[in-house]
Amino acid sequence: MGRKRQLDRVPSGPGRKSRRQKDPEFESAKDKKAEKKAKRPKLDGLKKKKKGKPKAAPPPVALDSEGSTDESDLPDDFGDDEEVSDTTPQVVDGAQGDASDEKNEGSDDEEDGDEESDDGDEGGDQGMESYDEGDSSDEEELLPIEKAAKKGRKKEEEDNRLAEEELQTNIAATETLVLPSGQEVEKDAHIASDLTLVQQRIRDVQFVLADFKARKQEGKGRSDYVQQLRRDLCTYYSYNEFLMEKLMDLFPQDITDVLEANEVPRPMTIRANTLKTRRRDLAQALISRGVNLDPIGKWSKVGLVVYDSQVPVGATPEYLAGHYMLQGGSSFLPVMALAPQEKERVLDMCAAPGGKSSYIAALMKNSGSLFANDANADRAKAIVSNLHRMGVHNSVVSAYDARTFPKIMHGFDRVLLDAPCSGTGVIAKDPAVKTSKDEKDIQRCSHLQKELILAAIDCCNANSPTGGYVVYSTCSIMVEENEWVIDYALKMRSVRLVPTGLPFGNEGFVNFKQHRFHPAMKMTRRFYPHTHNLDGFFVAKLQKFSNKMPGEEQKPKPDKETNGQAKGDKSTDKAADKGQKRKNADSKEPNNTNKKRKFDPPQTPKQQGGKKNKTDTPQGEKSSPKLKGILKKSPQNAASGGKPSPTTKKRGKPSPTTKKRGKPSPTTKKRGKPSPNMKKKGKPAKKG
């Protein structure tokens, strides 16, 4: 009925079958199991080899001369209980039956072993599902069409790899790049060139410039390759040569990354208005309307990035209610650097269309006072509408020229100047910048920005207890509009650079080509499209430490009133000195202006106090001898020998000014004549 049990075989221990005993299976269950085995993938190649590997044959046994074997030469596997047959087996009926039974038992044992291995595989398949799905396990069970498709995919991948290697040719190993001649360049200028060839030449030139000494063409310098690269980039990306040269100076290594980033628009960003809602509530409301969005990043708590939307983002009920503002991510940065506090007096000099102003009001929580100014009156209307929509009621909107604003109002705690610029950082929004800007435009913008930043510093109050800060920002990446302007402000006003407080961004230039700027320029921040996925931007924060100009502190100038008083005092002192000198000279020196003049007779004390007139001395009288003796004996005459001193002679002669003054002016003569009206008035009236 059942299998014979080998009583004489020593058990080696409990096997897997005894550890995992299963219920008896009927024929129907066995059929199902066979079907499962057929469907299940086979073992991997390593297990197949191990399973199919034949058992090692026992070593040959040495035979005696009589043809029998010695027991000592038998292998260990053979036990004493087993019978060893002779070399010439004898066929016996009973023995043959026993052998057939043993063979059947061995075949049954092998089947049982296969079942055990299958059972073990079923348990191992759970931990090796990913491994069994490999190429080696699936190749034999794939259909012919699947095998052909798999081979086709491998061949396609190999072809793609070879094609990529062909595109990126190794110039150093094969041949050097030959630049086009002058005639070819002129021909390309008049004829539309193939952009694919231009792109390949751009890659080749950049490859040569990476190791110029080893890969250059004989007789060609680096300037030739750079010039060719500039022409090709202008052709491929549609820039003018001036702007392309500026960009290549700024980004010598990653110029292609910058140009590619300018071709892709920046993601749409919105700012939640904290005066009316929170960012979490706003995000839930917009998601329910079919807007796919995410937070802009860890650096902002109010920004959201919109990927796509089923409704227009600028016309939702939340937008009309003022819950958010459509604003670029880079426009958050200047306001974050300004960091306005509550109950402060803040000025936004170039505020249109009002995105930054509304953000400032939200940070101030509608406290204090906010002055939003823009030179264009039409754009100032947009400021008014946006501030009304966002619920801002601490603001004053004006339309003055920002350069003259310090004459109108000053003494602000903080000032934000988002200066007008060339727009080289927002080429993705305005592609016309590629060809419309030149050197004059850059210089014109730079000059205007220098005037505006000086006006912004003058509007700020250095003695403010909480502020005294000025933030300067532009949407340009040109050095002439950023570092040059800040360096000019540091020289002309009493300000210093301070950290912006922004958690990311590239440092400003301290050295650029032949220019050298202030070492503190590292505190400024630059933002690029290809590194930060934001519009090109520049942010600098200044602190005003004195309301006086740098020159006024060293050389103080007196006021106008003190100047007038000083001048008047000097003039009066000089006049007093001259008058005193004349009095002293008159009292000391005798009146010897005329030698032939006859001296007057001695006067009485009353007459000495009065004025001397010519009529007091009679013309006919001569001077008495007593007076002559007195004059001779006087010390002054004795010292001078009776002669008048040279000073007396000089003083006796009238000066030219005196002569001129003595003559009546023509106006005096005219005034001396009576007017005809006076004559008419002087005539007696005729009696009727």
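Note that the structure is a prediction, hence the values are computed from the model and not measured.

Draft legend 1. Broad picture of the packing of helix α21 (residues 439-459) against helix α22 (residues 483-492). Two elements in contact, α21 and α22, have axes separated by 9 Å at closest approach and are oriented at 40 degrees. The angle between α21 and α22 falls in the class oblique. Here the hand of the crossing between α21 and α22 comes out right-handed. Of the residues in α22, those touching α21 at Gln443, Ser446, Gln449, Lys450, Ile453, Leu454 and Ile457 are Trp484, Val485, Ile486, Tyr488, Ala489 and Met492.

Draft legend 2. Spatial organisation of the pattern of salt bridges. Summed over the entire model, instances satisfying the criterion amount to 17 salt bridges. With a shortest N-O distance of 2.7 Å, lysine 434 and glutamate 263 are connected by a salt bridge. Separated by 171 residues along the polypeptide, lysine 434 in helix α20 (residues 433-436) and glutamate 263 in helix α13 (residues 255-263) bring together distant segments of the chain. Put simply, glutamate 451 and arginine 403 hold a salt bridge, and the shortest N to O gap is 3.0 Å.

Draft legend 3. Summary view of the sheet that holds strand β2 (residues 291-295). In space, the 4 strands of this open sheet follow the order β2-β3-β1-β4, with antiparallel pairing throughout. Every interior strand has two partners, whereas the edge strands, β2 and β4 (324-326), have only one. Ignoring strand direction, the axes of neighbouring strands in this sheet form an average angle of 35 degrees. Of the strand pairs in this sheet, strand β1 (residues 268-272) and strand β3 (residues 303-309) are connected by 4 bridges, and their pairing is antiparallel. Each bridged residue has a counterpart across the sheet, and for arginine 271 the counterpart in β3 is glycine 303. Across the sheet, helix α18 (residues 377-390) lies against β1 and β4, angled at about 150 degrees from β4, the strand it touches most.

Draft legend 4. Spotlight on the pairing of strand β6 (residues 369-373). Judged by how many residues are buried, β6 sits mostly within the fold: 4 of 5 residues are covered. As paired strands, strand β5 (residues 345-348) and β6 are joined by 4 bridges and run parallel to one another. Paired with aspartate 348 across the two strands is alanine 372, which belongs to β6. The β-α-β motif built from β5, the intervening helix α17 (residues 355-364) and the parallel element β6 has right-handed crossover chirality. Sheet topology places β6 next to strand β7 (residues 395-398); 4 bridges connect them, and they run parallel. The residue bridging asparagine 373 from the neighbouring strand is serine 398, located in β7. Handedness of the crossover is the feature at issue here: the chain leaves β6, passes through α18, returns alongside β7, and the resulting connection is right-handed.

Rules used in this analysis
Position numbers for residues start from 1 in each chain and track the written sequence from start to end. Reporting in this predicted model follows two pLDDT cut-offs: at least 70 for local features of residues, and 80 or more for side-chain atom pairs to be given and counted; totals over whole chains, interfaces and linings ignore these cut-offs and use all residues. Side-chain figures throughout are based on the complete set of non-hydrogen atoms in the structure, without hydrogens or water. Axis lines are fitted to C-alpha atoms, over the contacting stretch for helices. Their N-to-C directions set the angle, which ranges from 0 to 180 degrees. A run of H or I in DSSP counts as a helix once it spans at least four residues, and a run of E counts as a strand once it spans at least two, with each numbered from the N terminus. The labels follow the angle: roughly parallel below 35 degrees, roughly antiparallel above 145, roughly perpendicular from 65 to 115, and oblique for the rest. Definitions for this section: a left-handed crossing has its near helix turned counterclockwise from the far helix by less than a right angle. A right-handed crossing has that turn clockwise. Contacts were defined at the residue level, with two residues in contact if any of their heavy atoms lie within 4.5 Å. Each reported salt bridge corresponds to a side-chain nitrogen of Lys or Arg within 4 Å of a carboxyl oxygen of Asp or Glu. Note on pairing: DSSP must find at least two bridges between two strands before they are called paired. With a 1.4 Å probe rolled over the protein chains alone, any residue whose accessible area is under 20% of its type maximum counts as buried; one over 50% counts as exposed, and the rest are partly exposed. For the handedness criterion, the strands are oriented away from the viewer, and a crossover whose path from the first strand over the helix to the second runs clockwise is classed as right-handed.

Just geometry here; none of it tells us what the structure is for.
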